[in-house]
Amino acid sequence: MLPAMTTITLRPDQPFDLDRTLSCGQAFRWEKTADGWWQGVVDRRAVRIRQERDRLTFEGANEGFVRNYFRLDQDLLAILASIDRDPAISAAISECCGLRLVGQPAWECLVSYICATNTNIPAVKRRIALMAGRYGRPIDGPFGTAYTFPDPETLAGVSSADLRDCKLGYRADYAREAAVFTSENPDWAKRVADLPFEEARQALMQFRGIGPKAADCVLLFAFGFFEAFPVDVWIHRIVAETYLPDLAGRKCTPAEYERIRRFSRDYFGGYAGYAQEYLYCARGPASRAQ
């Protein structure tokens, strides 16, 4: 039986912006409908949710799940105050206040970012939807039948050739290898979560297809290592123009990536990952406020 429609009244001192949270590129299984609802599949739940000012209305999940997934009990204002260090990040905070980092399932997040290498968000969404439709489990949801993300045991039994039919290309081998490893090591996520940040990062980069940026994304979005600072072309450009001007106009080499992430972690502190998401969300306003 599906959970009934539920409404949460948000606290006035804890901002939340559902649209910015779900459209900023951190999760790939959400779509907004023409009538203002967001529809998505998280773990084994098909969820439908919308926001009207200080009210969240949703079905397909209970209140505890929604609070945990959107981290509604995290003190966002305190986090933003801790990273508000200069005019550029201040502009990003003003522009995107209410954006929160969601808590994603580790296995799905890992494979999603294997699928996200050297591509764009629409392509990642297509790949994940194809894998779910072919190898996931059908579930009844408030918007009809949906499909869970396939579990490691299922994907471990799928050939690389079949995964290529899901538009994964060369990533098919990486996804299948990750599935084999995680199915044989079901405690892998707990082991990563229990490591110090740098060791956890190195552990994730043992997966083929998980480089520095993908590792930082998985640590930030699935494991709650909020000091992680993924660097894409936008973030490289913003950090170079705003904080490290000698890097402006240059390609982001591995050495530059390392310099940017370490600078950002030292500069913004333990919630550098929030600074990254706000700078990415704002982009234009953040890069203009110098």
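Reading guide: rules and limits
- Residues numbered from 1 in each chain as written.
- Predicted model: local features only at pLDDT ≥ 70, side-chain atom pairs only at ≥ 80, totals over all residues.
- Heavy atoms only, no water.
- Helix = DSSP H or I, 4+ residues; strand = E, 2+ residues; numbered from the N terminus.
- Rg over C-alpha atoms; globule rule 2.2 N^0.38 Å.
- Buried < 20%, exposed > 50% of the residue type's maximum accessible area, 1.4 Å probe, protein only.
- Contact = heavy atoms within 4.5 Å.
- Areas by Shrake-Rupley, 256 points an atom, 1.4 Å probe, with all protein chains shown as cover.
- Core = buried A, V, L, I, M, F, W, Y, C linked by side-chain atoms within 4.5 Å.
- Disulfide = S-S within 2.5 Å.
- Pairing = 2+ DSSP bridges.
- Axes fitted to C-alpha atoms, helices over the stretch in contact; angles between N-to-C directions.
- Phe/Tyr/Trp six-rings, centres within 6.5 Å; stacked < 30°, edge-to-face > 60°.

## Considering the overall build of the protein
The secondary structure content of the protein amounts to 16 helices and seven strands. Compactness check: the protein gives a C-alpha radius of gyration of 19 Å against a globular reference of 19 Å for 290 residues, within 12% of the reference. For the protein, the spread of C-alpha atoms along the principal axes amounts to about 50 × 45 × 35 Å. In the protein, which comprises 290 residues, the share counted as buried stands at 51%. Sequence separation of 24 or more characterises 67% of the internal contacts of the protein that already satisfy a separation of 6 or more. Per element, the accessible surface of the protein, about 12,900 Å² overall, is 49% carbon and sulfur.

## Digging into the nonpolar core
Membership of the largest hydrophobic core comes to 76 residues, with the highest contact counts inside it found for I89, M131, L204, F268 and Y278. Ranked by residue count, the leading element in this core is helix α5 (residues 106–115), at eight residues. Discounting chain neighbours no more than four positions away, the residues touching F268 are S82, I83, R85, D86, I89, F229, Y243, A275 and L279. Residues I8, A61, V66 and V102 belong to the second largest nonpolar core, which totals 20 residues.

## Overview of the state of the cysteines
Between two cysteines, a covalent bond joining their sulfur atoms is known as a disulfide. All told, the structure shown has one disulfide when counted by the stated rule. Paired through a disulfide, C96 and C281 show a sulfur-sulfur distance of 2.4 Å. Sign of the S-S torsion, about -95 degrees for the bond between C96 and C281, identifies this disulfide as left-handed. With a gap of 185 residues between them, C96 in helix α4 (residues 87–96) and C281 in helix α15 (residues 272–282) connect regions that are remote in the sequence. No disulfide involves C166; its sulfur sits 8.9 Å from the nearest other cysteine sulfur, which is in C115.

## What to know about the sheet that holds strand β5 (residues 55–59)
Spatially, the five strands line up as an open sheet ordered β1-β5-β4-β3-β2, and their pairing is antiparallel. The open sheet is flanked by β1 (6–9) and β2 (30–32), the only strands paired with a single partner. Taken over all neighbouring pairs, the strand axes of this sheet differ in orientation by 20 degrees on average, direction set aside.

## Here we look at the packing of aromatic side chains
Scanning all chains against the criterion turns up 22 aromatic pairs. Centroid distance Y170 to Y174: 5.9 Å. Interplanar angle 75 degrees. Geometry classified as edge-to-face. For Y170, a relative accessible area of 40% puts it in the partly exposed group. Centroid distance F226 to Y274: 5.9 Å. Interplanar angle 40 degrees. Geometry classified as tilted. Note that F226 is positioned in the loop between α12 (212–221) and α13 (233–242) and Y274 in helix α15, a separation of 48 residues in sequence. You can call Y274 buried: its relative accessible area is 0%.

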